[in-house]
Amino acid sequence: MIWERNFARDRYYFSEALTTVYGYDPEKEWRWQDVMSKLIHPDDRERVAAFVADCYRYKMKIFQCPAHRYIRKDGTVIWVDVRCIALYDYEGRNTRTVGVTRDISREHFLREDLRHRSAELAKANQELERFVYAASHDLQEPLRMVRSFLGQLQKKYDNGLDDKARQYISIATGSAQRMQDRVKGLLDIARLGSGDYSQTVDMDEVIRDTLKDLALSIDTKHASIRIHPPMPTILADKTHMHLVMQNLIGNALKYSAAIPAIEIACSETPLYWQFSVKDNGIGIEKSITKRSSGSFSGFTGPTNIPVPASVSPWLRRS
């Protein structure tokens, strides 16, 4: 709706939209008090009047009123956006104001719905953070106990242990330590909130530690793991990278053939590193993808690092 306010005559002139959209007669004499008492919602009148008065006081030529409600003649309420151009004489007195009023009810309610959903999501995230904090905190003590008793076992019975038993204790201790570090990482994230915890992460080290954690499944299935070097150092969250690699490699082991053959690779793009885990498993239909693989990306970090030697008999490098 287009309108004009003539200050000399104290009159408003409206386009036909006053009838087609709002149901009022534009031929009737409309004054400021008529607009305030009939068009503008009672709960918004004081706020709108104060805003417009300030605009005229500071001689603003173009201004947009805060979103407010109009009342149609049939009593229905809509939200409107009002934008104005004010004209002043040489003494600074307002002579007329021309404006456009637009129905924004749909946008307003969509915005309110989005705000409501955002509030619910924020509440759910807070509850999740509290849960992660509690679970991570509770897991710390059992892991400390495992490491402590493994240390006592090795110390007390070391003379009676053969090399194989010492190797088992070493593997179990290392696994408990890595798990404790990851739990601590989750605990830190839960304690500090959802901030940015990016750090330089040696992905070769992450992959080696992940393979150590999955050693039992790898040995049981006689899996062949092939890593295509070099693996870079990236800027990311180390705990998250451990979880991602563990899920990708774990799925490859779970859904692979009788003897899994898994390849882990990384390629560099102009904006990020792209990692992939490929297996010889059941795959996905060609209509969805050409091969069974999982991938994720991380922002480019420092220069690539040398690739360490193999960490286990079942780990081979190309």
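In every chain, residue numbers begin from 1 and rise along the written sequence. Reporting of local features is limited, given that this is a predicted model, to residues whose pLDDT is at least 70; pairs of side-chain atoms are given and counted only at 80 or more, and all residues count toward the totals for whole chains, interfaces and linings. Side-chain calculation: all heavy atoms of the structure are included, whereas hydrogens and water are not.

1. A closer look at the environment of Ser276
Only DSSP runs of H or I covering at least 4 residues are called helices, and only runs of E covering at least 2 are called strands; the numbering of each starts at the N terminus. For Ser276, the location among the structural elements is in strand S11 (residues 272-278). When its relative accessible area of 15% is taken as the criterion, Ser276 is described as buried. Relative accessible area decides the class of each residue, using a 1.4 Å probe on protein chains only: under 20% of the type maximum gives buried, over 50% gives exposed, and in between gives partly exposed.

2. Some words on the nonpolar core
Ranked by internal contacts, the top residues of the largest apolar core, which has 26 residues, are Met1, Phe14, Leu18, Tyr22, Trp30, Leu39 and Tyr70. Among the elements of the structure, strand S2 (11-14), helix H1 (17-20), helix H2 (32-39), helix H3 (42-57) and strand S5 (77-88) are those that each provide at least two residues to this core. Of the residues forming this core, the biggest block, six residues, is contributed by S5. The contact criterion used is simple: two residues touch if any of their non-hydrogen atoms lie within 4.5 Å. In this structure, Tyr70 is in contact with Met1, Tyr22, Leu39, Ile40, Thr76, Val77, Ile78, Val80, Val82 and Thr101, ignoring residues within four places of it in sequence. Within this scheme, the nonpolar core is defined by two criteria: the residues are buried Ala, Val, Leu, Ile, Met, Phe, Trp, Tyr or Cys, and they are joined through side-chain atoms within 4.5 Å. Leu211, Met241, Cys266 and Trp273 belong to the second-largest nonpolar core, a separate cluster that totals 25 residues.

3. Quick word on the environment of Tyr133
With respect to the helices, strands and loops of the structure, Tyr133 is situated in helix H4 (residues 105-157). Relative accessible area serves as the criterion here: at 34%, Tyr133 is assigned to the partly exposed category. Once the C-alpha coordinates of Tyr133 and Lys184 are considered, the two residues, 51 residues apart in sequence, prove to be 9.6 Å apart.

4. A short note on the side chain of Asp81
Here Asp81 lies in strand S5. What makes Asp81 buried here is its relative accessible area of 8%. Of note is the side chain of Asp81, whose polar atom sits 2.5 Å from the side chain of Gln64. Think of a polar contact as two N or O atoms within 3.5 Å of one another; within protein, one of them needs to be a possible hydrogen donor and the other a possible acceptor, and neighboring residues in sequence only count if both atoms come from side chains.

5. A word on helix H8 (residues 238-254)
Here the expected length of a helix is defined as 1.5 Å per residue gap, with one fewer gap than residues. If you check H8, its first and last C-alpha atoms are 24 Å apart, about what 17 residues at 1.5 Å a residue would give, namely 24 Å. Those residues of H8 that sit buried are Thr239, Met241, His242, Met245, Leu248, Ile249, Ala252 and Leu253.

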